[in-house]
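# Observations on the three-dimensional arrangement
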Amino acid sequence: MPKYTRFPKVDLPDRRWPDNEIIAPPIWCSVDLRDGNQALANPMGVAQKLRYFQLLVDLGFKEIEVGFPAASEIEFEFVRTLIDRQLIPDDVSIQVLTQAREHLIKRTFESFRGARNVILHLYNSTSTLQRKITFDMSREEIKGIAVRGAQIVRDQIATVPETTVRLQYSPESFSDTELDFAKEVCDAVAEVWQPTVQNPVIFNLPATVEWATPNVHADQIEWMSRNLNNREAIILSVHTHNDRGTGVAATELALMAGAQRVEGTLFGNGERTGNLDIVTVALNMFSQGIDPGLDFSDIPSVRAQYEDLTGMEVHPRHPYGGDLVFTAFSGSHQDAIKKGMDRRADIQDPTAAWEVPYLLIDPRDIGRTYEAIIRINSQSGKGGVAYVMSREFGFDLPKTMHPEFGRMVNQATDRLGREATKQEIFDIFKQSYLELTVPLELIRLRSLTDEMGDHTITCTVKVAYDGQIIEITGRGNGPIDAFVHAMSERGWNGFSIIDFKEQAVGSGAGTEAAAYVQIQARDGGRFWGVGVDTDISIAGLKGVVSAYNRSRLA
Ligand SMILES: CC(=O)SCCNC(=O)CCNC(=O)[C@H](O)C(C)(C)COP(=O)(O)OP(=O)(O)OC[C@H]1O[C@@H](n2cnc3c(N)ncnc32)[C@H](O)[C@@H]1OP(=O)(O)O
Ligand SMILES: CC(C)C(=O)C(=O)O
Ligand SMILES: [Mg+2]
């Protein structure tokens, strides 16, 4: 027999799920405090669990598996603390897990005495592998564990009259249990618990280990949904793990296949490769216009609490939560995002259809910001650089200036061999345009007058040329023209101005003017210069100086 074999497909030729769509959210059940917690090297203590519970309540979970109270004192004490301190909102049910063993079931009932709403979650393994390796038992014996456990649970309910107990059973390792046997065991448990439409049972069908492709999981769920007895008295729940990396897909297809309830954890914490990531499934729904009923409008805060409490880290590429998922480094992506964002800014209607290339959702909807969208390394293009200059520093570089400045930043990031910070980009801008004083430096504008009253401007400026301070004067049809004539008289000529743009930078008392001046030298070379000043005329002159100096440096 080969070491690994193909997982058998389900015999369901008339499968219906591929034609279905997800149109409404399921019932969500968080298992962070049980399945997620049991997978941590350092499980949470009572204080941490209390904070995590509050986080889950705030996010809108109405069903929360709080632990395996018969397993340890901490788990037991946590459940007691929730109840004794009345920390469970009326509309939230806590869920407690127990193996199908009498002493554990009895201890579990003791743990929640006095609670209002509890889901008692009973499980035992049913798969061929577990029957053979872990239990060395026949199908009948395994079914016997489930039925006996269900009977003990049924009999215990009378001991907690003040609690509304709902019942849940998991044929653990359902994913590699023969379907006819999974049905046989669930039906047998239902025989004991006698669910009704008004008081349904939850059958949770876990992909305890993800053995197969998500379509096989969907087939399994549809098969169970169509074949379980008394289906209308059952809430069908799924609980996927992520061994093949497709836990999210398996859950989504299962929802198409008839699952009504989903168990999972925030950011997919859980055994081995993790449990189903509820954040992703919920926000995938959100991205399709479906309100998931969970509030992930401040993902950075959820992530910070999660990381603090579990000690786990959210991967930079984690959908929605990762550092890099609303970021583009590569030029063509940056260009498209910038265009989409600019268009969006023009529309100014937050409810308008989302049309930004490369971005599944508006980062603001989950508390992320635009600033992180574009980051600059050697793969970046001029559009991304221009975006950073505009969004971060308020400089709207003229379009024809983008290639020139983009090239400068690109060369710098090549040299650095890493991402350039926003400040580094701005420093390149300053050094390349704003701080050039060689050979020409503008020291002071002495006067700018229309002496003849004929709109001809006379401009007198104190400058330094190669360190020598002199005053120059020229006349022209505006300040820049007059200044260029003044330069020309000194022989600092050989260029003409071919483009000009000015804008305000900043706001309020700190507002400055930025002037972008492009010159063409005699040999055809084109150079942009930039001047910034509180006086718009001086900004223009500084722009000329900047362009001139750049042409001389070239
Ligand atoms: C897929 C899941 O995530 S399931 C949840 C798993 N979570 C945990 O295990 C965390 C908490 N667990 C624990 O603290 C402990 O395992 C306890 C307290 C529950 C039980 O502890 P112990 O009884 O000391 O040991 P252990 O778990 O090894 O028990 C194994 C025995 O239970 C039996 N068993 C295991 N699961 C079940 C079950 N669901 N129903 C009935 N019997 C079971 C085994 O067959 C084995 O029996 P054996 O001793 O006759 O061979
Ligand atoms: C207890 C069960 C539901 C479980 O966690 C699993 O099978 O993965
Ligand atoms: Mg699990």
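In this text the structure is predicted, and so the values were computed from the model without any measurement.

## Some details on the overall build of the chain
The secondary structure content of the chain amounts to 17 helices and 14 strands. In terms of overall size, the chain is more extended than a compact globule, its C-alpha atoms giving a radius of gyration of 34 Å where 554 residues would be expected to give roughly 24 Å. Looking at the chain as a whole, 42% of its 554 residues qualify as buried. For the chain, the proportion of contacts with a sequence separation of at least 24, taken over those separated by at least 6, is 65%.

## Looking at the confidence of the model for the chain
Low pLDDT marks stretches whose predicted atomic positions should not be read closely. In the predicted model, the chain carries a mean pLDDT of 95, and 99% of its residues have values of at least 70. The complex prediction reports pTM at 0.83, with the ipTM value standing at 0.94.

## Thoughts on the nonpolar core
In terms of nonpolar packing, the biggest core is built from 89 residues, with V66, I94, A254 and A282 touching the most fellow members. Here this core gets seven residues from one element, more than from any other, and that element is helix α10 (residues 278–286). Counting 51 residues, the second largest nonpolar core, distinct from the first, contains A386, A420, M487 and W528.

## A word on the domain arrangement of the chain
Often, the extent of an interface is quoted as the loss of accessible area on bringing the components together. Along its sequence, the chain is organised into domain 1 (17–286), domain 2 (331–434) and domain 3 (440–553). Here the C-alpha centroids of domain 1 and domain 2 sit 46 Å apart.

## Points about the site of ligand 2
Every residue close to ligand 2 is listed here: D35, L97, Y123, S170, E172, N204, P206, T208, H239 and H241. Elements with a minimum of two residues in the shell around ligand 2: β5 (164–172) and β6 (201–207). Here the shell around ligand 2 is built from residues that sort into three nonpolar, five polar and two charged.

## Focus on the UniProt feature "binding site: Mg(2+)" (unreviewed entry) in the chain
The feature "binding site: Mg(2+)" (unreviewed entry), as given by UniProt, occupies D35, H239, H241 and N275 in the numbering adopted here. Sequence-wise these annotated residues cover 241 residues; spatially they are packed, their C-alpha atoms never more than 10.4 Å apart. Looking at where H239 falls in the secondary structure, it is placed in strand β7 (residues 234–240). The class for H239 is buried, based on 28 C-beta atoms found within 10 Å. Setting aside residues no more than four positions away along its own chain, H239 makes contact with N204, P206 and E263.

## Examining the sheet that holds strand β3 (residues 93–99)
Strand order around the closed barrel formed by eight strands is β1-β2-β3-β4-β5-β6-β7-β8, with parallel pairing between neighbours. This sheet shows a mean twist of 25° between the axes of neighbouring strands, independent of strand direction. Alignment of strand β1 (residues 27–30) against strand β2 (residues 63–67), held across two bridges, turns out to be parallel. Bridge assignment links S30 to a residue of β2, and that residue is I64.

## Description of the site of ligand 1
Around ligand 1, 15 residues are found, and the nearest of them are A71, Q99, A100, R101 and N124. Elements with a minimum of two residues in the shell around ligand 1: α1 (32–38) and β4 (117–125). In terms of residue class, the shell around ligand 1 is built from seven nonpolar, five polar and three charged.

## Points about the pairing of strand β13 (residues 512–521)
A regular strand places its side chains so that they alternate between the two faces of the sheet. As paired strands, strand β12 (residues 495–505) and β13 are joined by ten bridges and run antiparallel to one another. Bridge pairing in β13 links D499 to Q518. Direction of pairing for β13 relative to strand β14 (residues 526–533): antiparallel, over a ladder of eight bridges. Within β14, the position partnered with V517 by the bridge is G529. The hairpin turn running from β13 into β14, its antiparallel successor, is four residues long, and G524 in that turn takes a positive phi close to 95°.

## A few points about the sheet that holds β12
The antiparallel open sheet is built from three strands, whose spatial order is β12-β13-β14. Strands with a single pairing partner mark the edges of an open sheet, and in this sheet they are β12 and β14. Taken pair by pair, the neighbouring strands of this sheet meet at an average axis angle of 20°, ignoring direction. The sheet contacts of helix α17 (residues 536–553) involve β12, β13 and β14, and relative to β14 the element is tilted by about 145°.

## Here's the deal with the environment of Y387
Considering the arrangement of structural elements, one finds Y387 in helix α13 (residues 382–393). With 25 C-beta atoms packed within 10 Å, Y387 lands in the buried category. Sequence spacing of Y387 and A539 is 152 residues, and the spatial spacing of their C-alpha atoms is 22 Å. The residues contacting Y387, other than those within four sequence positions of it, are Q334, K338 and I374.

About the cut-offs
Residues numbered from 1 in each chain as written. Chains lettered and ligands numbered in written order. Predicted model: local features only at pLDDT ≥ 70, side-chain atom pairs only at ≥ 80, totals over all residues. Helix = DSSP H or I, 4+ residues; strand = E, 2+ residues; numbered from the N terminus. Rg over C-alpha atoms; globule rule 2.2 N^0.38 Å. Buried ≥ 20, exposed ≤ 12 C-beta atoms within 10 Å, placed from the backbone. Contact = placed C-beta atoms within 7 Å. pLDDT = per-residue confidence, 0-100. Core = buried A, V, L, I, M, F, W, Y, C linked by C-beta atoms within 7 Å. Domains from an automatic or database assignment. Near = placed C-beta within 6 Å. Nonpolar A, V, L, I, M, F, W, Y, C, P; charged D, E, K, R; others polar. UniProt positions renumbered as here; feature names shortened; annotations may be inferred. Pairing = 2+ DSSP bridges. Axes fitted to C-alpha atoms, helices over the stretch in contact; angles between N-to-C directions.

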